[in-house]
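# Per-entry structural report
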Amino acid sequence: MSTPPLRPGVSAGRTAGASLSPAGGLRLRARRVSRDVRGTGRVLSGVSLDAAPGTLTVIAGSSGAGKTVLLQTLAGLSAPSEGEVWHDGAPPGPPGPEFGYVPQEDVIHRELPLHRTLVYAAGLRMPPGTPAGAVAATVDRVLATLGLTSRRDTRVRALSGGERKRAGIAVELLTRPGVLFLDEPTTGLDPATGAELMHTLRRLADDGTTVVLTTHVLADLPRGDQVVFLSADGEVAYAGEPDGLCPAFGVGTAEEVYAAVAAGARAAGAGAGDIPEQADAGPPAGPAGPVPATGRATAEAPAGPAAPARAAAPPAPAAPAPPAARAARVGALRQWALLTRRGTALLLNDRLSVAVLVGSPLMIVAMFAVLFRAGAFDPASPDPGSTAMIMFWIAFGTFFFGLTYGLLQICAELPVLRREWLAGLRIGPYVAAKLTTMLPVLALADALLLAVLRALDRLPPAGWDTYASLFVSGVLASAAALALGLLASAAVSQPGQATLMLPLLCFPQVLFSGAFVPVPRMTAAGEAISLAMTNRWAFEALGSGVGLESLWRTDASPLGRPLLASYGESFAHPAGRGWLILAGFAVLFLALTWWVLVRKCRDGAERGRQGR
């Protein structure tokens, strides 16, 4: 296999006029950056490097060398324990339109066609008030730039691995970022696809974007403008031009460089991109200042051929450039509306979700038809036990609907949420959109359940006020269960863990609802636990709404005692009490979901990848 050229030029097939990069990229500088990670210790140690506008920097090293941690630190997602990072002469601020970050995992929904997915992403990232035509035109230009125009109507799920990588990059290019950070973009791709992706990144750099990426792939190394090679202890073993990497270690192949670094070698001599000491005397120069040579290489190895150094005069200290004004963020109401539309589209395009939506009510209705005989509410042949159980299973059915609909809503898209949060997404509208997307579906399922049960004579003939009360109780029970499902989904990290939560959350709701063991018959501990069960309050509100107290609180039993005496005052309270409690639970669970997601978004960039 031939060695890729050091700097492939722009291909003849490059799309004319499709550039989305800014006129000038962002100048990135790091000085003696060190990072300590809890539970791991020092991951980076004294790393210095420069990335000029319009260059492609490749960060390499063995597993555990700290490549991802360095990328996050350079991006400003994590603060260095020691040292400084500068973006255009100023400390990194909150991520904004000038910032692009592509983690290893997909940060794009897979259920929708690519063009539609990018339109939704653009709505969250582009300035408020951007006309729909301008959004569509920007998406079209991005697709053209990345060679994805022919795949615009293909579902993201059906794209190849390389195309999905480019789709993730497309999301970042919607706002014309000045810098693009990518964490191992070519990992898992075949050599031809990886080379094509690197060629795309090369074109973006040539258009002015500053591109920084980490890699394990040897073929990526010669395709950058500079290589920063980290040792296992997080120090810079080499920083300089790609063609100087092997000579700096006195070896002939990149594989041997890995072996040499693992053995403790450093680039021979001090010429591999030394940074003049004068540059550290003050803040780095702003965008108009000179660009120093690339990062420092420690001179610890025996003398040998040194990598060619880029000539650079020591820059004079200059005042840091003022940070660029951040573009106005899309308002909370607009975010909520857009997320609700996207959530509805994702729901309807996911076959599994549609199957659950349709199958759950059918399963509950079938269960009622098999379990209970018709006419349980007929006063001529009273069956108080069955009526109480019917109310319980309605309560549990509405709970089950809400819980199952909510459990997979968040955990499956956490990477997408974290990236969109960095781009300006508010967590409040996100959580509210989940509620407004799913609650109408739950209300429809609850209404269908009540209508079918009445048609099957499992519910009594009653007026609209009775069935309105039952409907409100069911919807509020579903809302509280949905909020609980969202909380559980936010708390776990994988869909498999959310599935395991289903029985753990259902069993207590069955045991402590007060149906099988009435609340007055429980121990003090059991009664205290029942207070936290939404199913208890739904059961009691439904029983009150259907009038169990007035129907069966008579002396019609042979023993002359009330037929539902074991339930005590469970159904004696108005249904409104249960409604208030269920609404309170829903608000509490949604607030906790918001809190968990805010914490996860703040800490999630490092979670699961610390020390790499």
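Notes on the structure follow. Quick caveat, the model's predicted, so the values are computed rather than measured.

Here we take up the overall build of the protein chain. When its secondary structure is counted, the protein chain shows 18 helices and 9 strands. Split into buried and exposed, the 612 residues of the protein chain put 54% on the buried side. Counting only carbon and sulfur atoms, one obtains 62% of the accessible surface of the protein chain, whose full area is about 24,700 Å².

What follows deals with unusual backbone geometry. If you check the backbone angles, Arg176 has positive phi at about 50 degrees while not being a glycine. Locating Arg176 in the fold gives a position in the loop between α4 (161–173) and β6 (179–183).

On to the sheet that holds strand β8 (residues 226–230), then. The mixed open sheet is built from 6 strands, whose spatial order is β5-β6-β7-β3-β8-β9. In this open sheet, the two strands that pair with only one neighbour each are β5 (99–102) and β9 (236–240). When strand polarity is set aside, the average angle formed by the axes of neighbouring strands in this sheet is 10 degrees. Relative to β8, strand β3 (residues 56–61) is paired through 5 bridges, and the arrangement is parallel. In the strand pairing of β8, Val58 is matched with Val227.

Its 13 residues place the ends of α4 19 Å apart at the C-alpha level, agreeing with the 18 Å of an ideal helix rising 1.5 Å per residue. Within α4, 12 of the 13 residues are buried, leaving the element largely enclosed by the surrounding structure. Of the residues making up α4, those classed as buried are Gly162, Glu163, Arg164, Lys165, Arg166, Ala167, Gly168, Ile169, Ala170, Val171, Glu172 and Leu173.

The subject of this paragraph is the pairing of strand β1 (residues 28–37). Taking burial as the measure, the 10 residues of β1 include 8 buried ones, the bulk of the element. Pairing between β1 and strand β2 (residues 41–51): 7 bridges, direction antiparallel. When the bridges of β2 are listed, Leu28 appears paired with Ala51. The turn joining β1 and β2, which pair antiparallel and follow one another in sequence, is formed by 3 residues; a positive phi near 85 degrees is taken by Gly39. Bridge count for β1 against strand β4 (residues 82–87) is 5 bridges, and the pairing is antiparallel. Pairing of Ala30 across the sheet is with Val85, part of β4.

Turning next to the nonpolar core. Phe368, Ile390, Met391, Ile394, Leu459 and Leu597 are the most contacted members of the largest nonpolar core, which has 80 residues in total. At 15 residues, helix α10 (residues 384–407) tops the list of elements feeding residues into this core. Every residue in contact with Met391, bar those within four places of it in the chain, is listed here: Phe377, Leu459, Phe539, Leu542, Gly543, Val546 and Leu548. One finds Ala60, Val156, Leu221 and Phe229 within the second-largest nonpolar core, a separate group that totals 48 residues.

A few words on the packing of α10 against helix α13 (residues 464–491). In contact at an axis separation of 7 Å, α10 and α13 are set at 30 degrees when each is read in the N-to-C sense. With respect to each other, α10 and α13 are oriented roughly parallel. Of the two elements, α10 crosses α13, and the hand of that crossing is right-handed. Taken together, the residues of α13 that come into contact with α10 (itself represented by Thr398, Phe399, Gly402, Leu403, Tyr405, Gly406 and Leu407) are Gly474, Ala477, Ser478, Ala481, Leu482, Leu484, Gly485, Leu486, Ala488 and Ser489.

By the element assignment, Glu549 lies in helix α17 (residues 548–552). A sequence separation of 18 residues divides Glu549 from Tyr567, and the C-alpha atoms of the two residues are 9.8 Å apart. When residues no more than four places from it in sequence are discounted, the contact partners of Glu549 are Gly568, Phe571 and Ala572.

This brings us to the environment of Pro415. Within the element layout of this structure, Pro415 appears in helix α11 (residues 414–422). Judged by its relative accessible area of 21%, Pro415 falls in the partly exposed class. For the pair Pro415 and Cys601, spaced 186 residues apart in sequence, the C-alpha to C-alpha distance is 9.1 Å. When sequence neighbours within four positions are dropped, the list of residues in contact with Pro415 reads Glu105, Asp106 and Val107.

Applying the stated criterion across every chain yields a total of 16 aromatic pairs. On the numbers, 6.2 Å between centres and 20 degrees between planes, the contact of Phe392 with Phe396 is stacked. A residue pair is termed a helical-turn pair when its members lie 3 or 4 positions apart in one helix, as Phe392 and Phe396 do in helix α10 at 4 residues. The same class applies to Phe392 and to Phe396, which are both buried.

What follows deals with the packing of helix α12 (residues 427–455) against α13. Relative orientation of the contacting elements α12 and α13 amounts to 140 degrees, with a least axis distance of 9 Å. What the angle tells us is that α12 and α13 run oblique. The element α12 and its partner α13 pack so that their crossing is right-handed. The residues of α13 that touch α12, namely those facing Lys434, Leu435, Met438, Leu439, Leu442, Ala443, Asp446, Ala447, Leu450 and Arg454, are Tyr467, Leu470, Phe471, Gly474, Val475, Ser478, Ala479, Leu482 and Leu486.

What follows concerns the pairing of β3. Of all 6 residues in β3, 6 are buried; the element is thus mostly enclosed. Neither face of β3 is exposed, since Leu56, Val58 and Ala60 on one face and Thr57, Ile59 and Gly61 on the opposite face are all buried. Across 4 bridges, the pairing between β3 and strand β7 (residues 210–214) is parallel. Residue Leu56 lies in a different strand from β7, and its bridge partner there is Val211.

Rules used throughout
- Residues numbered from 1 in each chain as written.
- Predicted model: local features only at pLDDT ≥ 70, side-chain atom pairs only at ≥ 80, totals over all residues.
- Heavy atoms only, no water.
- Helix = DSSP H or I, 4+ residues; strand = E, 2+ residues; numbered from the N terminus.
- Buried < 20%, exposed > 50% of the residue type's maximum accessible area, 1.4 Å probe, protein only.
- Areas by Shrake-Rupley, 256 points an atom, 1.4 Å probe, with all protein chains shown as cover.
- Pairing = 2+ DSSP bridges.
- Axes fitted to C-alpha atoms, helices over the stretch in contact; angles between N-to-C directions.
- Expected span 1.5 Å × (residues − 1).
- Core = buried A, V, L, I, M, F, W, Y, C linked by side-chain atoms within 4.5 Å.
- Contact = heavy atoms within 4.5 Å.
- Parallel < 35°, antiparallel > 145°, perpendicular 65-115°, else oblique.
- Left-handed = near helix turned anticlockwise from the far one by under 90°.
- Phe/Tyr/Trp six-rings, centres within 6.5 Å; stacked < 30°, edge-to-face > 60°.

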